[in-house]
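Structural overview for review
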Amino acid sequence: MTEVTVDPTQAATTWLAEFGAALAKGDIDAAVALFESDSYWRDLVSFTWNIRTQEGADAIRAMLKARLADTAPSNFAIEGEATEAGGIIDTWFTFETRVARGRGHLRLRDGKAWTLLTTMTQLKGHEEKTGSERIKGAEHGQQPGRKSWLEKRKEEEQSLGYTKQPEVVIIGGGQGGIALGARLRRLGVPTIIVERNAKPGDSWRNRYKSLCLHDPVWYDHLPYLPFPDDWPVFSPKDKIGDWLEMYTKVMELNYWSSTTAKKARFDEAKKEWEVTVERDGKEVVLRPRQLVFALGVSGYPNTPKIEGAENFKGDQHHSSAHPGPEAYKGKKCVVLGSNNSAHDICAALWENGADVTMIQRSSTHIAPSESLMQLALGGLYSEEAVKSGIDHHKADLIFASVPYKVMHTFHIPVYEEMKKRDADLYSRLEKAGFMLDFGDDGSGLFMKYLRRGSGYYIDVGASELVANGSIKLRSGVNIARVNERSVTLTDGTELPCDLLVYATGYGSMNGWLADIVSPEVADKVGKCWGLGSDTTKDPGPWEGELRNMWKPTQVDNLWIHGGNLHQSRHYSQFLSLQLKARMEGIPTPVYERAPTFHRR
């Protein structure tokens, strides 16, 4: 690689000036000539009204031909000082379009763009009322019949959904629905969040006792209100539940708890949804223009149909319904599965005096928590990162600036180092019979998460219990039959069993659509999640972005929002801007809406 000898800031400033000038003149060839042939332009809404990566010069040229005139980008300006490392210049910049303001990130290599990120941050004339633009709140002077904040808030709660219809209905009031609801509230978009649980945060409280976040606190902040600076690194589930309940109240969200979405249909004549929900024992019909499904990162629990299960005399349930370990002291417990939930549940059962056997059907990636934090997350999401000027806002954009096509190459060295660092643990796990992997291409945990949403465990202690035999292990087998008081494995072994837990994962998010809207709509949207990497459980063709997430689907006015806390925080910004633009009647021509390749 050619050594960079020019000043990084000057090189970045020159590139941006040439890029901006070419776009202003409509000289697409000149703009494309500023990119490497093997380059990537990832756009989050600002140019494409989509979440899309243009891979290579031809794709960049095609996007500009379709979108340049309408977008009318201008005012590209470097932000701060550029940096250089390993022959690559990094810089941040700001820009404008006809209708919005944006922020971007650029990587230059040998004077040409290797990666470009453009993101929409504000719609002109529809900015959030923050800082000097915040509302006064108090209304000074004499006003007969004046209403207090509380009276106005109660009026809104009583009218929205009844005498006044929301613009957006969000089905699902977990972390995703709450984060998006907060963004929409700040943008003045009337929104109702529908949640079947009794209180915000119950989707966390109702899970098994030992559940906690395996991601560190710096990765998990919600929009606008970061966790306090003494918040634990790994948050217990009930603490997260309480935070979500507080957040919902403080952010003044219209949150309909104990409410079940029964049915939804789109009225083509009126261009609005008809969403039937049951609230307080009565059916209510909501008529939003936009409908968002925010039901997590997955669909319905996958509970395998196993011969004889209906005759089992013990307790059996999916991991999502596991009540905790207290009732199983001295009992024989079998957990089918070997990923995060399986390890957590096995460890908690063992701690409470149960006899536990884990059934591992296929190989699993193990990433020790300490190593993951230091090797994979520490540069972006840690106390050290914050001290060096990388808060979670900046970290989110750095993360987003890496195209999915090459992201695995950034991760492979991390997990090669992890193999060396944790060689003793891995060796002892393999001696115990545990089947390990690091992903199809050695790129580890996060690529597995993006590609398939499964197949890994962030080790917070259970792996040692497997390695030393405290948690018994049967690997490379499955349960062939469930008996009244035992299970028979595919190798013929019979295990006594008082408790059978199916830690067997979940289906695709569009499974919810089949029941609430229709199977036809679910199939038109297609599967959610995955990149099309043609790796295990992520069939091709290559799509370049997560399927159907946070962007227009093949069904107009229907959106999917989900992911972990980091993704819910970050991508809720871009979904909320898309929804706000539609409410305000701003034209939103979607460039290259992703086709549907896979159904349910």
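It should be noted that the structure appears before, not after, this text.
First, a word on scope: everything that follows refers to the structure included in this document. Note that the structure is a prediction, hence the values are computed from the model and not measured.

What counts, and where the lines are drawn
Residues numbered from 1 in each chain as written. Predicted model: local features only at pLDDT ≥ 70, side-chain atom pairs only at ≥ 80, totals over all residues. Heavy atoms only, no water. Helix = DSSP H or I, 4+ residues; strand = E, 2+ residues; numbered from the N terminus. Rg over C-alpha atoms; globule rule 2.2 N^0.38 Å. Buried < 20%, exposed > 50% of the residue type's maximum accessible area, 1.4 Å probe, protein only. Contact = heavy atoms within 4.5 Å. Areas by Shrake-Rupley, 256 points an atom, 1.4 Å probe, with all protein chains shown as cover. Lys, Arg positive; Asp, Glu negative; His and termini not counted. Charge placed at Lys NZ, Arg CZ, Asp CG, Glu CD. Phe/Tyr/Trp six-rings, centres within 6.5 Å; stacked < 30°, edge-to-face > 60°. Salt bridge = Lys/Arg side-chain N within 4 Å of Asp/Glu carboxyl O. Pairing = 2+ DSSP bridges. Axes fitted to C-alpha atoms, helices over the stretch in contact; angles between N-to-C directions. Core = buried A, V, L, I, M, F, W, Y, C linked by side-chain atoms within 4.5 Å. Polar contact = N/O pair within 3.5 Å; in protein donor to acceptor, adjacent residues only side chain to side chain. Patch = residues over 30% accessible without salt bridge, like charges linked within 9 Å, V, L, I, M, F, W, Y side chains within 5 Å.

Regarding the overall build of the chain
Each helix and strand in the chain was counted, giving 18 helices and 24 strands. What you see for the chain is a C-alpha radius of gyration of 26 Å, in line with the 25 Å of a compact globule of 600 residues. Expressed as lengths along the three principal axes of its C-alpha atoms, the size of the chain is roughly 75 × 70 × 45 Å. Within the chain, the proportion of its 600 residues that are buried is 55%. Across the chain, contacts joining residues at least 24 apart in sequence account for 66% of those joining residues at least 6 apart. Put simply, the chain shows about 25600 Å² of open surface, and 49% of that area lies on carbon and sulfur atoms. Separation of charge centres in the chain, based on 74 positive and 79 negative side chains, amounts to 5 Å.

Thoughts on the packing of aromatic side chains
Under the counting rule described, the total for this entry stands at 26 aromatic pairs. Consider the rings of phenylalanine 19 and tryptophan 41, whose centres lie 5.8 Å apart with planes at 70 degrees: the pair is edge-to-face. Within this pair, whereas phenylalanine 19 is found in helix H1 (residues 8-25), its partner tryptophan 41 is found in strand E1 (residues 35-44), the two being separated by 22 residues in sequence. The exposure classification of phenylalanine 19 matches that of tryptophan 41, with both residues buried. Judged by centre distance (5.2 Å) and plane angle (65 degrees), the ring pair of phenylalanine 266 and tryptophan 273 falls under edge-to-face. For phenylalanine 266, a relative accessible area of 18% puts it in the buried group. Taking relative accessible area as the criterion, tryptophan 273 reaches 1% and is therefore assigned buried. Through a chain of ring-to-ring contacts, three or more aromatic side chains come together here, namely Trp15, Phe19, Phe35, Trp41, Phe47, Phe76, Phe93 and Phe95.

Thoughts on the pattern of salt bridges
For the structure on display, the rule yields 38 salt bridges. A salt bridge links aspartate 424 to arginine 428; the shortest N-O distance between them is 3.1 Å. Of the two residues, aspartate 424 and arginine 428 are both situated in helix H13 (residues 423-431); the distance of four residues between them amounts to about one turn of the helix. By relative accessible area, arginine 428 is classed as partly exposed at 27%. Across the pair glutamate 464 and arginine 428 runs a salt bridge, and its minimum N-O distance is 2.8 Å. Of this pair, glutamate 464 sits in helix H15 (residues 462-467) while arginine 428 sits in helix H13, and the two are 36 residues apart along the sequence. Beyond isolated ion pairs, a larger network of salt bridges with shared partners links Arg153, Glu156, Glu157, Arg185 and Glu252.

Looking at the sheet that holds strand E22 (residues 494-496)
In space, the three strands of this open sheet follow the order E20-E21-E22, with antiparallel pairing throughout. Of all strands in the sheet, those bounded by a partner on one side alone are strand E20 (479-482) and E22. Between one strand axis and the next, the sheet turns through 25 degrees on average, direction left out of account.

As for the nonpolar core
Counting 134 residues, the largest nonpolar core has Leu286, Leu291, Phe293, Val335, Leu349, Leu450 and Leu558 as its most contacted members. Other than its neighbours up to four places away in sequence, leucine 558 contacts Trp273, Leu291, Phe293, Leu513, Val521, Val525 and Thr553. With 29 residues, the next largest nonpolar core counts Ala11, Trp15, Phe19 and Ile28 among its residues.

Considerations on the environment of glutamine 165
Mapped onto the secondary structure, glutamine 165 falls in the loop between helix H4 (149-159) and strand E7 (168-171). Using a relative accessible area of 29% as the deciding quantity, one classes glutamine 165 as partly exposed. For the pair glutamine 165 and threonine 191, spaced 26 residues apart in sequence, the C-alpha to C-alpha distance is 8.8 Å. In this structure glutamine 165 touches Leu160, Val285, Leu286 and Arg287, once residues within four positions along its chain are discounted.

Focus on the sheet that holds strand E12 (residues 282-286)
An order of E10-E11-E12 is seen for the three strands of this open sheet, with the pairing classed as antiparallel. Bordering the open sheet on either side are strand E10 (259-267) and E12, each of which pairs with just one other strand. Strand after strand, the sheet turns through a mean of 20 degrees between neighbouring axes, direction not considered. Where strand E11 (residues 272-279) meets E12, five bridges bridge the pair, whose relative direction is antiparallel. Within the sheet, the bridge partner assigned to arginine 279 lies in E12 and is lysine 282.

Description of unusual backbone geometry
In this model, glycine 540 is joined to proline 541 through a cis peptide bond whose omega is 5 degrees. Even without glycine at this site, aspartate 110 takes up a positive phi of about 55 degrees. Locating aspartate 110 in the fold gives a position in the loop between strand E5 (100-109) and strand E6 (112-123). One non-glycine residue, lysine 537, adopts positive backbone phi at about 65 degrees. With respect to the helices and strands, lysine 537 occurs in the loop between helix H17 (519-525) and strand E24 (558-560). In this structure lysine 537 comes out as exposed when scored by relative accessible area, which is 61%.

Digging into the pairing of strand E13 (residues 290-293)
Side chains Gln290 and Val292 project from E13 onto one buried face, and the interleaved Leu291 and Phe293 project onto a second face that is buried too. As defined by bridge partners, E7 adjoins E13 across four bridges and the pair is classed as parallel. When the bridges of E13 are listed, isoleucine 170 appears paired with valine 292.

Considering the environment of glutamate 268
Checked against the element boundaries, glutamate 268 lands in the loop between E10 and E11. Residues glutamate 268 and valine 517, 249 residues apart in the sequence, show an inter-C-alpha distance of 14 Å. Among the polar contacts made by the side chain of glutamate 268, one reaches the side chain of lysine 271 at a distance of 2.9 Å.

Notes on a negative patch on the surface
Together, Asp229, Asp230, Glu383 and Glu384 make up a region of like negative charge exposed at the surface. When you line up the elements, aspartate 229 lands in the loop between helix H6 (202-205) and helix H7 (237-250).

Considerations on the environment of glutamine 142
Tracing the sequence through the fold places glutamine 142 in the loop between E6 and H4. For glutamine 142, a relative accessible area of 77% gives the class exposed. In this structure, the C-alpha to C-alpha distance between glutamine 142 and lysine 270, residues 128 residues apart in sequence, is 43 Å.

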